[in-house]
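Chain residues, written in single-letter form:
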Amino acid sequence: IVKMHVPVVDLRHIQLIADHNIDFGSVKCFSVSGNMNAKEYLGQAYRLDQRIASKVDQVASLNDLAAKCTSTLTGMPHSPNRGTSTMADAVAKILDLQAEINRDIDDLVDLKRDIVTLLKRVDNTEYQTILEKRYLCFMTWEQIAVDLNYSIHHLYKLHNAALDICDRLMERDT
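Residues numbered from 1 in each chain as written. Predicted model: local features only at pLDDT ≥ 70, side-chain atom pairs only at ≥ 80, totals over all residues. Heavy atoms only, no water.

## Notes on the nonpolar core
In this structure, Tyr-41, Leu-42, Ile-115, Leu-118, Leu-119, Leu-131 and Cys-166 are the most contacted members of the largest nonpolar core, which totals 36 residues. Mapped onto this core, the elements with two or more residues apiece are α2 (38-68), α3 (85-120), α4 (125-135), α5 (141-148) and α6 (152-173). (Core = buried A, V, L, I, M, F, W, Y, C linked by side-chain atoms within 4.5 Å. Buried < 20%, exposed > 50% of the residue type's maximum accessible area, 1.4 Å probe, protein only. Helix = DSSP H or I, 4+ residues; strand = E, 2+ residues; numbered from the N terminus.)

This is the structure we're talking about:
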């Protein structure tokens, strides 16, 4: 009996796909709808980033599964598909997830570009900084408060004022 290890699809393929600008027909998963407020709109980036992280974890899990798949060679005849379906399924799922990750990364870059465009229209640089740290860098309130040397209460007040401005800008655009 000889065991052969099956090659594993590497996470670096995600970077190769991104480097070569391969388009998989991306479907946008974010929008500014008429009933969406600024906080909901800005929060889409964090949720999309979390979905990307989840898919990367799924790829890692599938890579682990594919690494465990082995073929056993014997002199006995057997179905040519026996023993390879698990590995083939895992590799196919990995490639599908990598394509989804690439689309989501493209969507996240587009969304962040749109958010930056909105935030640049806010006249107050202090408000811009708070919104950038929260919705583009995904920092916690505590991290932002420490960075800017504000109390949490003061930071919340500034954040609400900044969101009000963004709401007005978004209303003007619709």
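## Remarks on the pattern of salt bridges
All told, the structure shown has five salt bridges when counted by the stated rule. For Asp-147, the salt bridge is made with Lys-133, and the minimal N-O distance between the two is 3.3 Å. One end of the pair, Asp-147, is in helix α5; the other, Lys-133, is in helix α4, and 14 residues separate them in sequence. For Asp-147, a relative accessible area of 47% puts it in the partly exposed group. Among the residues examined, Lys-133 registers a relative accessible area of 19% and is labelled buried. (Salt bridge = Lys/Arg side-chain N within 4 Å of Asp/Glu carboxyl O.)

## Considerations on the packing of aromatic side chains
What the rule picks out here adds up to two aromatic pairs. Between the aromatic rings of Tyr-46 and Phe-138, the centroid separation amounts to 5.6 Å while the plane-to-plane angle is 65°, which identifies the pairing as edge-to-face. With Tyr-46 in helix α2 and Phe-138 in the loop between α4 and α5, this pair connects stretches of sequence that are 92 residues apart. The class for Tyr-46 is partly exposed, based on a relative accessible area of 42%. Residues Trp-141 and Tyr-156 carry aromatic rings whose centres are separated by 5.4 Å and whose planes lie at 90° to one another, so their mutual orientation is edge-to-face. In this pair, Trp-141 is assigned in helix α5 and Tyr-156 in helix α6, connecting sequence segments 15 residues apart. Judged by relative accessible area, which is 36%, Tyr-156 ranks as partly exposed. (Phe/Tyr/Trp six-rings, centres within 6.5 Å; stacked < 30°, edge-to-face > 60°.)

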